[in-house]
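# A closer look at the structure
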Amino acid sequence: MNTIFTRVSIRQFEDRAVEPEKIEQILKAAMQAPSAGNQQPWEFIVVTDKETLKALSKVSPYAGPMANAPCAIVNVCNMDNCRFPECASTDMAIATEHEWLEATDLGLGGVWLGIYPLEDRMNACQDVLHLEGNRSVFSLLPIGYPAQTRKPEDRFHPERITYR
């Protein structure tokens, strides 16, 4: 899977809509993620509304890329029916990574914006999106066609590996 080695953080996007079929493919990839006990705690909010994107760009000091993205996926963790709630954040992280890799594979760029476990960011997202119940935002993934070019880094460090 070469996409793992070519994925980079993209924070600037062309002023070009992301096709609905690509968004659906990204969401299919997310929902294909494994989860503890197959609990699948995820829900997804696809945001294309410019005012909502701008409001979400203010939920964290790092969320600025939301403002110029044509689209974003808000990854929501729903704790209802979680048999293993202590594993829900891991489940959500895997789903977010699946999204990001699929977006890259489709020629799109994106950047993972962490929200959970920071209460102030989670509350700010909840206010913008009017979430209720046991639902909270885990991460934001603004996506679009890259307006910047970045080379991936080689992050392989053999000195961090021990064989026994």
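Everything below is about the structure printed above this text.
Not measured: the values here are computed from a predicted model.

Okay, the packing of helix 2 (residues 20–31) against helix 4 (residues 88–105) next. Contact geometry for helix 2 and helix 4: axes closest at 7 Å, N-to-C directions at 145°. Relative to helix 4, the crossing made by helix 2 is right-handed. Along the contact surface, helix 2 presents Gln25, Ile26, Leu27, Ala29 and Ala30, while helix 4 presents Ala95, His98, Glu99, Glu102 and Ala103. A class-by-class count of the residues in the contact of helix 2 with helix 4 yields 6 nonpolar, 2 polar and 2 charged.

What follows deals with helix 4. Taking 1.5 Å of rise per residue, the 18 residues of helix 4 would be expected to cover 26 Å, and the 26 Å separating its terminal C-alpha atoms lies within 8% of that figure. If you check which residues of helix 4 are buried, you get Ala88, Asp91, Met92, Ala95, Thr96, Glu99, Trp100, Leu101, Glu102, Ala103 and Thr104. Looking at the buried residues of helix 4, the elements they touch are helix 1 (3–6), helix 2, strand 1 (42–47), strand 2 (71–78), strand 3 (109–110) and strand 5 (135–144). Trailing helix 4 by a residue or two, Gly107 shows a phi angle of about 85°, which is positive.

Let us now look at the environment of Asp154. Note on placement: Asp154 falls in the segment after strand 5. Note: C-alpha distance between Asp154 and Gln32 (122 residues apart in sequence) is 27 Å.

Glancing now at helix 2. Given 3.6 residues per helical turn, the α-helix brings residues three or four places apart onto the same face. Look at helix 2: 17 Å from first C-alpha to last across 12 residues, which is about the 16 Å you get at 1.5 Å a residue. Looking only at helix 2, the buried set comprises Lys22, Ile23, Ile26, Leu27, Ala29 and Ala30. The arc that holds the buried residues of helix 2, viewed along the axis, is 155°, so those residues lie on one side. Of the residues in helix 2, the exposed ones pointing more than 90 degrees away from the buried face are Pro20 and Glu21. Residues of helix 2 that are buried in the fold lie against strand 1, strand 2, helix 4 and strand 5.

The relative placement of two aromatic rings is captured by the distance of their centres and the angle of their planes. Taken as a whole, this structure holds 3 aromatic pairs when the rule is applied. Consider the rings of Trp100 and Trp112, whose centres lie 6.5 Å apart with planes at 70°: the pair is edge-to-face. Taken together, the residues span a long stretch of sequence, with Trp100 in helix 4 and Trp112 in the loop between strand 3 and strand 4 (113–114) at a distance of 12 residues. The class for Trp100 is buried, based on a relative accessible area of 7%.

Quick notes on the rules
- Residues numbered from 1 in each chain as written.
- Predicted model: local features only at pLDDT ≥ 70, side-chain atom pairs only at ≥ 80, totals over all residues.
- Heavy atoms only, no water.
- Axes fitted to C-alpha atoms, helices over the stretch in contact; angles between N-to-C directions.
- Helix = DSSP H or I, 4+ residues; strand = E, 2+ residues; numbered from the N terminus.
- Left-handed = near helix turned anticlockwise from the far one by under 90°.
- Contact = heavy atoms within 4.5 Å.
- Nonpolar A, V, L, I, M, F, W, Y, C, P; charged D, E, K, R; others polar.
- Expected span 1.5 Å × (residues − 1).
- Buried < 20%, exposed > 50% of the residue type's maximum accessible area, 1.4 Å probe, protein only.
- Arc of directions from axis to C-beta.
- Phe/Tyr/Trp six-rings, centres within 6.5 Å; stacked < 30°, edge-to-face > 60°.

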